[in-house]
Amino acid sequence: MNRKKKLEPIIQNSLQYDVPSSKLIYKEPEHETWSIMAKKLMERKEQYFCQEYLECLKKINLNPTKVESLDQLNKKLHKLSGWKVQPVDGLIPLEKYMKLITCKIFPVAYHVRTPKEIEFAELPDYFHDVFGHLPLLCNKKFSDFLINYGEIALKYVDLPEGLKFLGNLLWYTSETGLIRQKQSIKAYGGAIITSESECLNMISHESKRSNFVTSKIMSTPYSHLKLQEHYFIIDSFDELSTIIENIENDIRQQFSIS
Ligand SMILES: [Fe+2]
């Protein structure tokens, strides 16, 4: 059975939201939190975010004052990139995430954080997923990186060390990735983009920044519950293709798989 056929049920299921529609209706306090966060993000975007993100953010034109409806998002995102979004209940298992992204379906947490969590939320919420991750799906190089990552990662779901490494890879790119641009360091990772504290931390003396070296990210632990201690920098999005091209060799070498 080819990959497309195997994944057909996932695609079908994902096109029907498995979250009750009542949970996808947002009320005034949620619009308020969303607009506060969007305003802050817009104020810091030129200083901290990479060019590719800024270009995609302009294209996708997310609503900064009201929570975007999933239907509206899906229409815009699909037209621009071929991706769709699937609402999920918070964090999902890495394997499910991988299956979805290989089908160009991006899982988004549907809940909007509470006002108390404006500065920091332990779990991803709708704002984080929408502003942090969706714009870059409209960038072909980044989109290809994620799809290829998912396809390779699915081969290693039964190898715990391999999965751990793939988890690190996703964290140090899609969530906390930095890129060199115009003689400065900018963010492309969603966890930085949606957090003012991470933006300040990424250039502070409190944190460490290194060039992206696969063996190094394999051995660098992280926590999503606190500010990052270590960030990894790429030189361009082309580097993401090179990382993906070498990733299977890296896994095989690291874990002595023939
Ligand atoms: Fe995220």
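Since the model is a prediction, treat every value here as computed from it, not as a measurement. Residue positions are counted from 1 within each chain, in the order its sequence is given. Thresholds applied to this predicted model are a pLDDT of at least 70 for local features of residues and 80 or more for the giving and counting of side-chain atom pairs; totals over whole chains, interfaces and linings are not thresholded and use all residues.

## A look at the overall build of the protein
Definition in use: Numbering of helices and strands runs from the N terminus, with a helix taken as a DSSP run of H or I at least four residues long and a strand as a DSSP run of E at least two residues long. With C-alpha atoms as the basis for the radius of gyration, the globule rule is written as 2.2 Å multiplied by the number of residues raised to the power 0.38. Three classes are used. A residue is buried when 20 or more other C-beta atoms lie within 10 Å of its own, exposed when 12 or fewer do, and partly exposed in between, with C-beta atoms placed from the backbone. Once C-beta atoms have been placed from the backbone, residue pairs whose C-beta atoms lie within 7 Å are recorded as contacts.
If you tally the helices and strands in the protein, you get 12 helices and six strands. Computed over C-alpha atoms, the radius of gyration of the protein comes to 18 Å, within 12% of the 18 Å expected from 2.2 N^0.38 for 258 residues, which places it in the range of a compact globule. Here the protein holds 258 residues, and 39% of them are scored as buried. Considering only intrachain contacts with a sequence separation of at least 6, the fraction spanning at least 24 residues in the protein is 63%.

## Considering the pairing of strand β3 (residues 178-181)
This is how it is decided: At least two DSSP bridges between two strands are required for those strands to pair.
Strand direction decides the pairing type here: β3 and strand β4 (residues 184-187), joined by four bridges, are antiparallel. Its bridge partner being in β4, Gln181 is matched across the sheet by Ser184. Where β3 meets strand β6 (residues 230-234), two bridges bridge the pair, whose relative direction is parallel. Bridge pairing in β6 places Ile179 opposite Ile234.

## So, the sheet that holds β4
Quick reminder of the rule: Under this scheme, a helix contributes an axis fitted over its contacting stretch, all axes are lines through C-alpha atoms, and angles between N-to-C directions fall in the 0 to 180 degree range.
Pairing is mixed in the open sheet, where four strands are placed in the order β4-β3-β6-β5. Two strands in the sheet have a free side with no partner beyond their single neighbour: β4 and β5 (208-211). On average, each strand axis in the sheet is inclined to that of its neighbour by 40°, with strand direction left out of account.

## So, the packing of helix α7 (residues 140-155) against helix α12 (residues 238-254)
What counts is decided by this rule: Each angle receives one of four descriptions, namely roughly parallel if under 35 degrees, roughly antiparallel if over 145, roughly perpendicular if within 65 to 115, and oblique otherwise. Left-handed describes a crossing whose near helix is turned anticlockwise from the far helix by less than a right angle; the clockwise case is right-handed. For this scheme, ten residues count as nonpolar: Ala, Val, Leu, Ile, Met, Phe, Trp, Tyr, Cys and Pro. Four count as charged, namely Asp, Glu, Lys and Arg, and the remainder, Gly too, count as polar.
Two numbers describe how α7 lies on α12: the axes approach to 9 Å, and their chain directions differ by 15°. It follows from the interaxial angle that α7 and α12 lie roughly parallel. The interaxial crossing formed by α7 with α12 has left-handed handedness. Contacts between α7 and α12 involve Lys141, Phe142, Phe145, Asn148, Tyr149 and Ile152 from the first element and Asp238, Leu240, Ser241, Ile244, Ile247 and Glu248 from the second. When its residues are assigned to classes, the contact of α7 with α12 shows seven nonpolar, two polar and three charged.

## What to know about the environment of Glu119
By secondary structure assignment, the location of Glu119 is in the loop between β2 (105-109) and α6 (126-137). Given 11 C-beta atoms within a 10 Å radius, Glu119 is considered exposed. Residues Glu119 and Lys226 lie 107 residues apart in sequence; the distance between their C-alpha atoms is 12 Å.

## What to know about the nonpolar core
Rules: Each nonpolar core reported here comprises buried Ala, Val, Leu, Ile, Met, Phe, Trp, Tyr and Cys residues connected via C-beta atoms within 7 Å.
Core analysis: the largest hydrophobic core is formed by 65 residues, its most contacted members being Tyr53, Phe106, Val108, Tyr126 and Ala187. The leading source of residues in this core is α6, at seven residues. Contact partners of Tyr53, with chain neighbours within four places excluded, come to Pro135, Leu136, Tyr188 and Ile193.

## Some remarks on the environment of Lys216
You can see Lys216 is positioned in helix α11 (residues 214-218). Accessibility expressed as a C-beta count within 10 Å gives 14 for Lys216, which makes it partly exposed.

## Regarding the packing of helix α5 (residues 94-102) against α7
One can describe the packing of α5 onto α7 by two numbers: an axis separation of 8 Å at closest approach and a directional angle of 130°. As summarised for this structure, α5 and α7 are arranged oblique, according to the angle between their axes. Crossing angle aside, the handedness with which α5 passes α7 is left-handed. Residue-level contacts link Met98, Lys99, Ile101 and Thr102 of α5 to Leu146, Ile147, Gly150, Glu151, Ala153 and Leu154 of α7. Per-class residue counts for the contact of α5 with α7 are six nonpolar, two polar and two charged.

By themselves these figures say nothing about function.
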